[in-house]
Amino acid sequence: MRKGLLSVILIFLSSILCAASVRGVNIEDTFESTDNLSLFTFTGDVDDASYYDDVHFHLVTQAPGDEVYTWFGHTGLMMESPQGSIMFDWGTFSFSPSFYLDFCFGRLYYTVSTNRADAVINRAISENRRVEITELPMDAAAKKGLMEFLAYNTQKENRNYLYHYYLDNCATRVRDIIDFTGGGAFRAWAESIMTGMTFRDLSTLYMNRNWLVSFTLNFLQGPSIDRQLNLYEACFLPDVLNSAVKTFYSLDGNVVFQGEDENNENLPLVCTTLMISLALTLILFLLRHFRHERLYGLVSAVIWLYTGIASSVLFFMMFFTNHDVTYFNENLIFMNPLVFIIAFQNIAAVFRPGKTRKASMYAARILLILSMTDIVLKGLFPLSFIQDNAPVFAFILPLYLLTAFPEKERKPQISEKETDCRHMNAR
């Protein structure tokens, strides 16, 4: 009776976690993109129009690099004039003493910086990253307005902005500039085209080089990134922005360095995850079946510690940070800190083999019930439960099943000689 009541309480408490996200403390975006662009004029007559014949603006697109923060590529805006070539870069951040704390709480500010264009391009080439330069078609009024805006944007009090993975980054800043200098035509065109993909779909394509990073980041992000995007929204990615601009203006880009071809043709994340999970489950099953208890406990503890840490990070980000992409994440219903019960019992089994794991079994059964409940709800209410978490189910369900239903203890077999001895002793 008590165990049943405890199970009901745990199920209830776990199931409401995803509905309890609280928006973090509101912090100011010190330089909002479109609001500030609207302060400037990009049309009209220009007195010294001939001066701007020698001024040219280029979209500069860099392919993904090796570091995690370069996996999605990079966008810059290059201005050529008789005074030289300058690269405007909205993807600059510094490792200040509070950097990691600000990052954890979702308070990361980026800065627009200016550098010599050749230095930026040469650095990308040294990293073996593809670099493509596309000249943007602008008349004198657009060039004049853009130069005034850039002079304003790069002032010390105006150069910082609150970074967002999808809504406000180095590519979206340049995207907004291109739209304003073109009188809004680019946005109107791009918003009329649906991509059939989501933020999650597009970003996952660029994370396929490392399964653990891709799976973890997908686990931490909630349903806000699972809506269908139009092309303008999809331009948060440098490659997509570059392709869209060339298509809209019928331009040909100049590839100044080819670099290595990016391979985004890997298996879908859900397929890779399922294969990894089934492999881990099979290994654990064999270790348990052949009574390698210490090794089973060690391998199992590592897996469940990872899931416990990941779910604890999600819990923290949902409740106490400004990382809005984690809010209302239903993964916390069925993959939550309860898994620490399983992890700690397996750690104990490493040092004390033979100890029963009933608490692990009950915890796994509760979490399995929560998993199946969530799957049923997604089937019944697909418009409400839109989060794409198939890879998370693919990872956790085989492991829950193995832990929730352990093998029955095998009675030791008695040899014929031992049987005869027992009969003689009985006489």
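Quantities reported herein were computed from a predicted structural model and do not represent experimental measurements. (Residues numbered from 1 in each chain as written. Predicted model: local features only at pLDDT ≥ 70, side-chain atom pairs only at ≥ 80, totals over all residues. Heavy atoms only, no water.)

### Describing the sheet that holds strand E6 (residues 160–162)
Here is step 1: The seven strands are arranged E6-E4-E3-E2-E1-E5-E7 in an open sheet whose pairing can be described as antiparallel. Since the sheet does not close on itself, it has two edges, and those belong to E6 and strand E7 (254–257), each with one partner. The sheet shows a mean angle of 25 degrees between the axes of neighbouring strands, taken without regard to direction.
Here is step 2: Bridge analysis of strand E4 (residues 109–116) against E6 gives three bridges, and the strand direction is antiparallel. Each residue of the ladder has a partner; that of Tyr110, found in E6, is Tyr161. (Pairing = 2+ DSSP bridges. Helix = DSSP H or I, 4+ residues; strand = E, 2+ residues; numbered from the N terminus. Axes fitted to C-alpha atoms, helices over the stretch in contact; angles between N-to-C directions.)

### Concerning the pattern of salt bridges
Here is step 1: Applying the stated criterion to the full structure yields 11 salt bridges.
Here is step 2: Between Glu127 and Arg129 there is a salt bridge, with its nearest N and O atoms 3.1 Å apart.
Here is step 3: Note that Arg187 is salt-bridged to Glu191, the shortest N-O span being 2.8 Å. Here Glu191 and Arg187 lie together in helix H7 (residues 185–191), a separation of four residues that amounts to about one turn.
Here is step 4: What makes Arg187 partly exposed here is its relative accessible area of 33%.
Here is step 5: Look at the salt bridges and you will find they share partners, linking Arg130, Glu132 and Lys246 into a network. (Salt bridge = Lys/Arg side-chain N within 4 Å of Asp/Glu carboxyl O. Buried < 20%, exposed > 50% of the residue type's maximum accessible area, 1.4 Å probe, protein only.)

### A short note on the packing of aromatic side chains
Here is step 1: Per the stated rule, a full pass over the model turns up 30 aromatic pairs.
Here is step 2: Consider the rings of Tyr110 and Tyr161, whose centres lie 6.3 Å apart with planes at 55 degrees: the pair is tilted. Pair noted here: Tyr110 is in strand E4 and Tyr161 is in strand E6, with a separation of 51 residues, a long-range link. Considered together, Tyr110 and Tyr161 belong to a single accessibility category, that of buried residues.
Here is step 3: Ring geometry for Phe199 versus Phe236: centroids 5.2 Å apart, planes at 70 degrees, classification edge-to-face. With Phe199 in helix H8 (residues 199–205) and Phe236 in the loop between helix H10 (231–234) and helix H11 (238–249), this pair connects stretches of sequence that are 37 residues apart.
Here is step 4: Classification of Phe236 by relative accessible area gives buried; the value is 4%. (Phe/Tyr/Trp six-rings, centres within 6.5 Å; stacked < 30°, edge-to-face > 60°.)

### Details of the nonpolar core
Here is step 1: Grouped together as the largest cluster of nonpolar side chains are 49 residues, with contacts concentrated most on Leu77, Trp90 and Leu146.
Here is step 2: Here this core takes six residues from helix H5 (residues 140–153), the largest share from any one element.
Here is step 3: Residues within four places of Trp90 in sequence aside, it is in contact with Leu77, Tyr110, Thr111, Val112, Leu150, Asn153, Tyr161, Cys170, Arg173, Val174 and Ile177.
Here is step 4: Of all hydrophobic cores here, the second largest spans 36 residues; its members include Leu314, Met318, Leu367 and Leu402. (Core = buried A, V, L, I, M, F, W, Y, C linked by side-chain atoms within 4.5 Å. Contact = heavy atoms within 4.5 Å.)

### Quick notes on the side chain of Thr281
Here is step 1: Position of Thr281 among the secondary structure elements: in helix H12 (residues 269–289).
Here is step 2: Polar contacts involving the side chain of Thr281 include one to the main-chain carbonyl oxygen of Ser277, which spans 2.8 Å.
Here is step 3: For Thr281, the contacting residues outside a window of four places in its chain are Pro398, Leu399 and Leu402. (Polar contact = N/O pair within 3.5 Å; in protein donor to acceptor, adjacent residues only side chain to side chain.)

### Regarding the packing of helix H13 (residues 293–320) against helix H15 (residues 339–351)
Here is step 1: As a packed pair, H13 and H15 sit with axes 8 Å apart at the nearest point and diverge in direction by 155 degrees. Between H13 and H15, the interaxial angle falls into the category roughly antiparallel. The two elements H13 and H15 meet at a crossing, and its hand is left-handed.
Here is step 2: Its residues placed into classes, the contact of H13 with H15 shows 14 nonpolar, seven polar and one charged. (Parallel < 35°, antiparallel > 145°, perpendicular 65-115°, else oblique. Left-handed = near helix turned anticlockwise from the far one by under 90°. Nonpolar A, V, L, I, M, F, W, Y, C, P; charged D, E, K, R; others polar.)

### Things to note about H12
Here is step 1: The end-to-end C-alpha separation of H12 is 30 Å, in line with the 30 Å expected for 21 residues at 1.5 Å each.
Here is step 2: Turning to H12, its buried residues are Leu269, Thr273, Ser277, Thr281, Leu284, Leu287 and Arg288. End-on view of H12: buried residues confined to an arc of 125 degrees, all on one side of the axis.
Here is step 3: Backbone geometry just after H12 places Arg291 at a positive phi near 65 degrees. (Expected span 1.5 Å × (residues − 1). Arc of directions from axis to C-beta.)

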